[in-house]
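# Descriptive structure summary
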Amino acid sequence: MVSKSSSRCCCCSWFIGIIVLIAVILAIVFTIRHRANKSDDDGPPGSIDKKYAEALKTAMKFFDIQKSGKLENNKIEWRGDSGLKDGSEASLDLSKGLYDAGDHMKFGFPMAFTATVLSWSILEYGQRMDSLNQLDPAKESLKWTTDFLINAHPSPNVLYIQVGDPVTDHKCWDRPETMQRKRTLTKIDAETPGTEVAAETAAAMAAASLVFKESDPKYSSTLLKHAKQLFEFADKNRGSYSVNIPEVQSYYNSTGYGDELLWAASWLYHATEDKTYLDFVSENGEEFGNFGSPSWFSWDNKLPGTHILLSRLTFFKKGLSGSKGLQGYKETAEAVMCGLIPSSPTATESRTDGGLIWVSEWNALQHPVSSAFLATLYSDYMITSGIEKISCSDTSFKPSDLRKFARSQADYMLGKNPEKMSYLVGYGEKYPEFVHHRGASIPADANTGCKDGFKWLNSEDPNPNVAYGALVGGPFLNETFIDARNNSMQNEPSTYNSALVVGLLSSLVTTSSSLKSFI
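Residues numbered from 1 in each chain as written. Predicted model: local features only at pLDDT ≥ 70, side-chain atom pairs only at ≥ 80, totals over all residues. Heavy atoms only, no water.

Labelled according to an unreviewed UniProt entry, the protein appears under the name Endoglucanase, originating from Microthlaspi erraticum. Listed in UniProt under the heading Catalytic activity (unreviewed entry), the comment for the protein reads: "Endohydrolysis of (1->4)-beta-D-glucosidic linkages in cellulose, lichenin and cereal beta-D-glucans." Recorded under Sequence similarities (unreviewed entry), the UniProt text for the protein is reproduced unchanged: "Belongs to the glycosyl hydrolase 9 (cellulase E) family." (UniProt positions renumbered as here; feature names shortened; annotations may be inferred.)

In structure tokens, the structure reads:
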């Protein structure tokens, strides 16, 4: 009896051991497969990616370089106060705001877009910025911009949209601190409407109101009041500013205002949860939404951003997941995403041989950076809401596929390209040294005026001042780049590009992909 019992125990031990061994093997297989599905450079959840962290810190500096007005806590040693009398022609203080690019113009249309995108980046990725001590600088730069926009809107139906005359401005090559020329003002009003500029400024104000809602409720309320007034002004006085003010066509010509109306209404709904704005996008989607036709997100075309922003409501807003009024936006957002993934059956052919999205010779990097930013947003929306895949024709893709695409565009921008050139000035070992930027090209102690400053434009020496964080225009379709100061097509930075690149880098700076919904 004792012998038979011992035999049974022995058999039981072997049986249990086999089960345990099988369980261990299955666990190992599962772990290997799980890791195989992750990107090679993914670290532990929430870990900092040093490459993108350093790039983000660099990119944030360009906002300080572009600031006009009486500078506070100036961090750029070669910059000083400038544009202090801007707006005086209309008894307004328009001294703040951001210079547009390598010149000293303040264009309200792209500046408002800069504020909208920077607000969106802060709202979605503020915690990631904060982990690198970049949240406060981002909010400071945003407020510097929205302070200008508030002052540029002195009454409900009046908005000043431009400071300076670009023809006069471009005849000078000087530092902003030494400008002596007259700073003319351009405005829109009920008699001379500019729906796209008013609506974009409304979007900027509404988005920024969410950023400051907790930290500065009074300022947030002021922004929201202006946003509502500007949207009403834009909607009730429809007309393109490019048509009504033909002079703007040479610089920031608008292709239409329907996208800005939808964009502004979308942000106002996020800021207020007032169903009136949701009804507006639902009722006007067929006319302005261009459903089923993916396009490129830019300072002029807000439709892809609107499609993604309204899709976020279907992911996070209880009761709107099956909204018929939002269906067209959601479907087109997915079409945009499917067009970006290289292996998708509907992938766009607008790429360089190295894989960079390439749409335009001028400011070529705007479209890949903006596309990558939208891709990370959508990827994170999917992960946060537990959506595992999107369908592109007959092929399914995961959020990680979108994130992989976004990383490829960011890496190309930061130096993984045939030129081995970082197009983000100040980042990496090789970056443009002859950036088309007046302030960066002239020594801070130089005593030059409007005309004699052109010797610095024509100088064969690298810029004496590094325009840290400037994202230059980028490569040609054949992936070549000419680092020349006269090459404004490829080598001029813009402030709105910086907002997009800050958003993209903030989304990639940690391996965590879960968002906290702000509505």
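This part is about the packing of helix H4 (residues 135–151) against helix H7 (residues 217–236). Two numbers describe a pair of packed helices, the interaxial angle and the distance between the axes. Where H4 contacts H7, the two axes come as close as 11 Å, and the packing angle between them is 50°. Taken together, the axis directions place H4 and H7 in an arrangement best described as oblique. The two elements H4 and H7 cross, and the hand of that crossing is left-handed. Touching Lys143, Thr146, Asp147 and Ile150 of H4 are Tyr219, Thr222, Leu223 and His226, all from H7. Here the residues of the contact of H4 with H7 sort into 3 nonpolar, 3 polar and 2 charged. (Axes fitted to C-alpha atoms, helices over the stretch in contact; angles between N-to-C directions. Helix = DSSP H or I, 4+ residues; strand = E, 2+ residues; numbered from the N terminus. Parallel < 35°, antiparallel > 145°, perpendicular 65-115°, else oblique. Left-handed = near helix turned anticlockwise from the far one by under 90°. Contact = heavy atoms within 4.5 Å. Nonpolar A, V, L, I, M, F, W, Y, C, P; charged D, E, K, R; others polar.)

In this section: the environment of Ala375. If you trace the backbone, Ala375 turns up in helix H14 (residues 366–384). Ala375 gets classed as buried once you look at its relative accessible area, which sits at 0%. Distance in space between the C-alpha atoms of Ala375 and Phe405 is 7.7 Å, their sequence separation being 30 residues. Beyond its immediate sequence surroundings of up to four residues, Ala375 is in contact with Met337, Leu340, Leu402, Phe405 and Ala406. (Buried < 20%, exposed > 50% of the residue type's maximum accessible area, 1.4 Å probe, protein only.)

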